[in-house]
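Next come the chains, spelled out residue by residue.
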Amino acid sequence: MPLSVEEREQFLAEPHIGALAVAAGEGRAPLTLPIWYQYAPGGELWVMTGRDSKKGRLIAAAGRFSLMVDRVEPTVRYVSVEGPVVRTDDATAERLRELAARYLPADKVDAYVEFAAREHGEQAVYHLRPEHWYSSDLGSV
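Residues numbered from 1 in each chain as written. Predicted model: local features only at pLDDT ≥ 70, side-chain atom pairs only at ≥ 80, totals over all residues. Heavy atoms only, no water.

Peer 1: Can you walk me through the pattern of salt bridges in this structure?
Peer 2: Side chains that carry opposite charge are capable of pairing whenever their charged atoms lie near each other. Counted according to the given criterion, the structure contains 12 salt bridges. Across the pair arginine 51 and glutamate 122 runs a salt bridge whose closest N-O atoms are separated by 3.2 Å. Of the two residues, arginine 51 is situated in the loop between strand E4 (45–50) and helix H2 (54–62) and glutamate 122 in the loop between helix H4 (106–119) and strand E7 (123–128); the sequence distance between them amounts to 71 residues. Residue class for arginine 51 comes out partly exposed when judged on its relative accessible area of 26%. Here aspartate 89 and arginine 87 are joined by a salt bridge, their closest N and O atoms 3.3 Å apart. A relative accessible area of 26% means that aspartate 89 is categorised as partly exposed. If you follow the salt bridges from partner to partner, you end up with Arg64, Glu82, Arg129 and Glu131 in one network. (Salt bridge = Lys/Arg side-chain N within 4 Å of Asp/Glu carboxyl O. Helix = DSSP H or I, 4+ residues; strand = E, 2+ residues; numbered from the N terminus. Buried < 20%, exposed > 50% of the residue type's maximum accessible area, 1.4 Å probe, protein only.)

The structure is reproduced here in structure tokens:
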């Protein structure tokens, strides 16, 4: 059964690991990879990745991507959203900290931010405006 607008936005706002999909070029299936993301109901969704990574280059070239999140407990539920990249910003330490704090225990955030800043190279933040939504709650099948 499809989720209401409020249900799907609230579910997407929860800290799930996303599966990002982006066009990988003619003759190729979309590149699909796990990623952390940030979203607040009614707003833009954003992801952070290496500007020169394969994922970053493909997002920049395609100008859009999809993100799907799901769970299996207490019910089988998913939300998929697709849309254009409306803005690309340089990543900042504050954005990295915000994203890390969404997914990691508080006592692990500082160490992760230091590691990522040192090891991940130049990062960019890609903002997606949700245009197309797909969602369902299959109950406890």
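Peer 1: Would you mind showing me how to read H4 here?
Peer 2: Helical geometry: 3.6 residues make up each α-helical turn, so side chains three or four residues apart lie on a common side. With 14 residues, H4 should cover 20 Å at 1.5 Å per step; its first-to-last C-alpha distance of 21 Å lies within 8% of that length. Within H4, the full set of buried residues consists of Val109, Val113 and Ala116. In this fold, the buried residues of H4 make contact with helix H3 (93–103). In the stretch just after H4, glycine 121 is the one whose phi turns positive, near 70°. (Expected span 1.5 Å × (residues − 1). Contact = heavy atoms within 4.5 Å.)

Geometric values such as these leave the question of function open.
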